[in-house]
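Observations on the model geometry
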Amino acid sequence: MAFETDAIIVGAGAVGLACARAFAARGYETIVLEREAGIGQGVSSRNSEVIHGGLYYPTGSLKARFCNIGRGLMYSFLDLHRVNHAKCGKLVVATEPDEVPRLQLILQQAEANGVPGMKLISGDEARELEPSLRAEAALLSPESGVMDSHAYMEALAGELSARGGAIALNTPFAGAQARPEGGFVVRTGGDQATEVVCRYLVIAAGLGAQAAAAMITDYPAAQIPELHYGKGVYFALTGKAPFEHLVYPLPIPGALGTHYRRDLGGQGRFGPDLEFVEAEDYSVDPARADAFYDTIRRFWPDLPDGALVPDYAGIRPKLHGPGEAMPDWRIDTQAVHGLPGLITLFGIESPGLTGSLAIGEAVAGELCQVSGRA
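Residues numbered from 1 in each chain as written. Predicted model: local features only at pLDDT ≥ 70, side-chain atom pairs only at ≥ 80, totals over all residues. Heavy atoms only, no water.

1. Some details on empty space enclosed by the protein
The criterion, for reference: Cavity and pocket criteria rest on a 1 Å grid covering protein atoms alone: a 1.4 Å probe that fits but cannot get out defines a cavity, protein on both sides within 12 Å along at least 5 of 7 lines defines an open pocket, and an atom within 4 Å of a point defines a lining residue. Grid points are joined across faces, edges and corners, and a volume is the space filled by probe spheres set on the points.
Scanning all chains against the criterion turns up one cavity of 30 Å³ or more. What the largest cavity holds in volume is close to 30 Å³. Together, Lys63, Pro317, Lys318, Leu319, His320, Met326, Pro327, Asp328, Trp329, Gly347 and Glu349 line the largest cavity.

Following this line, the structure appears as structure tokens:
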């Protein structure tokens, strides 16, 4: 016999857990389905752990809106739960004179997005902050930072549990069907396959979102966007970290470019790059270091030979392929797919971690507004 709950969230990554927290905070009984043996095992565990300022995204886009709102929510949440983080600031650097106009365009975009504290500084001013940096000019984003994403997700899970919610690990989503009277019958797989009736269903499954949507009866196939695997690898630096700030080159098509961060343990790391692949593959090819040396030495000429070692890889759930323009996230409601009580999230890559709390609030608010508890 199926049992009942208020809300089911598919995916226990940062966004799924933030959605579950938002439902539970409104008094709804909430269950998260996760196919892996632990939370945050997918996209959320294989990123740069950067809190983004929101500089680059088109004004009014979901990325710009939720990054800007989510950044403030994130810092408050991390402070409240004593999750390790550092508002270290970011420098976006132009290493050649002809790149400086691109910095000015990014500054205009950041200001249009309402990002506070942005400042265009000279190369000399940048070197006063980071003496080893090579730059003709730089943008300073003081609101950018780094965080412990794993501890953040544990804190989200803790809030969910404290409010009576639950996370069902090793429990893959196996499909759902809308009920005539409203809500859904959700089928789960795993060792204890069962059916659960819920009022609200949220698909926040990262790389698995398209497959999950396809398992929902009557979900229009034409509304499921094509998934592209955007692989990025990271290399760690042996020796002392050279910069305190995050250091970013100018964006490349489809990504923000191979950047530097000093993690919370003091380790210098570089990445990710971008390679479109056909399947999930988290290996790191040491030969990719050659391109890393070329990119990094543009802003840090003193990078020693042999100082980079393979670190880890992540795959971003991209909605565009090579050579295509990067689209916005998809947060699809009944207006798109025609199924009341359902929201599907597609292509939630960077800045999804930064925006996760804001996404969660928006998703819960959208679905729960008819009950008066939004």
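The discussion continues.
2. Some words on the nonpolar core
Filter applied, for reference: In this description, a nonpolar core means a group of buried Ala, Val, Leu, Ile, Met, Phe, Trp, Tyr and Cys residues linked to one another through side-chain atoms lying within 4.5 Å. To sort residues, take the accessible area from a 1.4 Å probe on protein chains only and compare it with the maximum for the residue type: under 20% means buried, over 50% means exposed, and anything in between is partly exposed. Numbered from the N terminus, helices here are DSSP runs of H or I no shorter than four residues, and strands are runs of E no shorter than two. Residue contacts are counted whenever heavy atoms from the two residues lie within 4.5 Å of one another.
Counting 46 residues, the largest nonpolar core has Phe23, Tyr152, Val202, Ile331, Leu345, Ile359 and Val363 as the members making the most contacts within it. Among the elements of the structure, β1 (3-10), α1 (14-25), α2 (62-80), α5 (149-162), β12 (195-203), β20 (342-346) and α9 (352-368) are those that each provide at least two residues to this core. Sort the elements by how many residues they give to this core and α1 lands first, with nine residues. In this structure, Ile331 is in contact with Leu62, Phe66, Ile343, Thr344, Leu345, Ile348, Ile359 and Val363, ignoring residues within four places of it in sequence. Counting 27 residues, the second-largest nonpolar core is a separate cluster that includes Ala138, Leu237, Ala241 and Ala289.

3. Side note on the layout of surface pockets
What counts here: Under this grouping Gly is polar, as are all residues other than the nonpolar Ala, Val, Leu, Ile, Met, Phe, Trp, Tyr, Cys and Pro and the charged Asp, Glu, Lys and Arg.
Estimated volume of the second largest pocket: approximately 330 Å³. With five residues, helix α7 (residues 289-299) is the single largest residue contributor to the lining of the second largest pocket. Residues of the lining of the second largest pocket, tallied by class, amount to nine nonpolar, four polar and five charged.

4. Side note on the pattern of salt bridges
Threshold: Any Lys or Arg side-chain nitrogen located within 4 Å of an Asp or Glu carboxyl oxygen qualifies as a salt bridge.
On inspection of all chains with the given rule, the structure shows 18 salt bridges. Between Lys318 and Glu349 there is a salt bridge, with its nearest N and O atoms 2.8 Å apart. Placement of Lys318 in strand β18 (residues 308-318) and of Glu349 in the loop between β20 and α9 is noted, with a sequence separation of 31 residues between them. The class of Lys318 is buried, set by a relative accessible area of 0%. Under the relative-accessibility criterion, Glu349 is labelled buried at 8%. Counted as one network, the salt bridges with shared partners bring together Arg21, Glu159 and Arg163.

5. Observations regarding unusual backbone geometry
Peptide bonds are trans in most cases, and residues, glycine excluded, mostly fall at negative phi. Of note, the bond from Gly271 into Pro272 is cis; its omega dihedral lies within 30 degrees of zero at 0°. You can see Pro272 is positioned in the loop between β16 (268-271) and β17 (275-277). Residue Pro351 follows Ser350 across a cis peptide bond; omega there is 5°. The residue Pro351 is located in the loop between β20 and α9 in this model. Of note, the phi angle at Arg82 is positive, near 55°, even though the residue is not glycine. Residue Arg82 is classed as exposed on the basis of its relative accessible area, which comes to 79%. The phi torsion at Asp218 lies on the positive side, around 70°, for a residue other than glycine.

6. Here we look at α2
To keep things clear, this is the line we draw: Every helix has an expected span of 1.5 Å times one less than the residues it contains. In this scheme, the bend at a residue equals the angle between the axes fitted to the seven residues that finish there and the seven that begin there.
Over its 19 residues, α2 runs 26 Å from end to end, which matches the ideal 27 Å to within 8%, given 1.5 Å per residue. The largest bend in α2 comes to about 30°, at Gly70. At the exit of α2 stands Arg82, carrying a positive phi of roughly 55°.

7. Side note on the environment of Glu130
By secondary structure assignment, the location of Glu130 is in the loop between α4 (123-129) and β7 (137-141). The buried category is assigned to Glu130, whose relative accessible area is 2%. Each C-alpha atom, one on Glu130 and one on Pro242, is 8.2 Å from the other, the two residues being 112 residues apart in sequence. Setting aside residues up to four positions removed in sequence, Glu130 forms contacts with Leu91, Pro242, Phe243, Glu244 and His245.

8. A look at the pairing of strand β15 (residues 259-262)
Rules: Pairs of strands are assigned from DSSP output, requiring at least two bridges between the strands.
Where β15 and β16 come together, four bridges link them in antiparallel fashion. The partner of Arg262 across the bridge, within β16, is Gly268.

9. A short note on the environment of Ala37
Tracing the backbone through its elements, the reader meets Ala37 in the loop between β2 (30-33) and β3 (50-51). Each C-alpha atom, one on Ala37 and one on Leu156, is 17 Å from the other, the two residues being 119 residues apart in sequence.

10. Comments concerning the sheet that holds strand β8 (residues 145-147)
The three strands are arranged β3-β8-β4 in an open sheet whose pairing can be described as antiparallel. The two strands at the open ends of the sheet, each matched to only one other strand, are β3 and β4 (85-86). With two bridges connecting them, β3 and β8 associate as antiparallel partners. Bridging across to β8, Ile51 finds its partner in Gly145.

Take it as geometry only, folks, not as evidence of what the structure does.
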